[in-house]
Amino acid sequence: MNPRDILSAGAVVPVMAIDDIHTAVDLAHALVAGGIPTLEITLRTEHGLKAIELIAKEVQGAIVGAGTVINGEQLKAVADVGAKFAISPGLNIKLAEASLNSSIPLIPGIATAGELMLGLEHGIDTMKLFPAEVVGGRDMLKALHGPFPQVKFCPTGGINLASAPEYLKLPNVLCVGGTWLTPKDAVANKDWDTITRLAKEASALRP
Ligand SMILES: O=C[C@H](O)COP(=O)(O)O
Ligand SMILES: CC(=O)C(=O)O
């Protein structure tokens, strides 16, 4: 799948750190049931790779990818377990070069025009603005749209249900990322109804 189709499949990409591997598949099912298919499982916990592998195998309708991928070894490792895409918090030359040989798309985080240009030089035109609210949020996206109208974004970082609609209206925004769909207490309590309700709320955001 190309990165734009991946990011356009749902209005919100939930960013998740899996603390208990036994919750991963049910959590993914709950999100997909609420209309949120594109899922970012970060490598921030020891369960990241296994969770991606299980969701890729067992959750029909999910488009599972990896987050917090920061080097070429991780990019290869997540592709090998079935990730459909990889997201990084930032971009450097080594990771950009690794993406050229990757079997799955890298959607890099960028926070400056320079990082964006590094992505473009490596054939990447779909990126994450991270951390979105800290680096200028919607004003930054509007400013980047001037010189770089060919680039589309999934802004992530500090966005929630209330602020998401204003992001989704922008011409260079495909979706937004965030953690609010998967509150830690709801996941720990296996409260899948709450997760599906939050996902439904989020999927209705697409204008
Ligand atoms: O670092 C975590 C995610 O990238 C964004 O989290 P947040 O939606 O809670 O700001
Ligand atoms: C920021 C983010 O989404 C990541 O850790 O890849």
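A quick note: this is a predicted structure, and the numbers were derived from the prediction, not measured. (Residues numbered from 1 in each chain as written. Chains lettered and ligands numbered in written order. Predicted model: local features only at pLDDT ≥ 70, side-chain atom pairs only at ≥ 80, totals over all residues.)

1. Section: the site of ligand 2
At step 1: The environment of ligand 2 is formed by Val15, Thr42, Gly67, Thr68, Ile87, Ser88, Pro89, Gly109, Phe130 and Thr156.
At step 2: For the shell around ligand 2, a count of residues per class yields four nonpolar, six polar and no charged. (Near = placed C-beta within 6 Å. Nonpolar A, V, L, I, M, F, W, Y, C, P; charged D, E, K, R; others polar.)

2. Some details on the site of ligand 1
At step 1: Neighbouring ligand 1 are the residues Val15, Thr156, Gly157, Gly158, Ile159, Gly178 and Thr179.
At step 2: For the shell around ligand 1, the per-class residue count stands at two nonpolar, five polar and no charged.

3. Considerations on unusual backbone geometry
At step 1: Note the cis peptide between Phe130 and Pro131, where omega equals -10°.
At step 2: A positive phi angle, close to 55°, is found at Thr68, a residue other than glycine.
At step 3: Residue class for Thr68 comes out buried when judged on the 20 C-beta atoms lying within 10 Å of it.
At step 4: Positive phi, close to 55°, is recorded for Lys190, a residue that is not glycine.
At step 5: Take Lys190: it is sitting in the loop between helix H9 (184-188) and helix H10 (192-203). (Buried ≥ 20, exposed ≤ 12 C-beta atoms within 10 Å, placed from the backbone. Helix = DSSP H or I, 4+ residues; strand = E, 2+ residues; numbered from the N terminus.)

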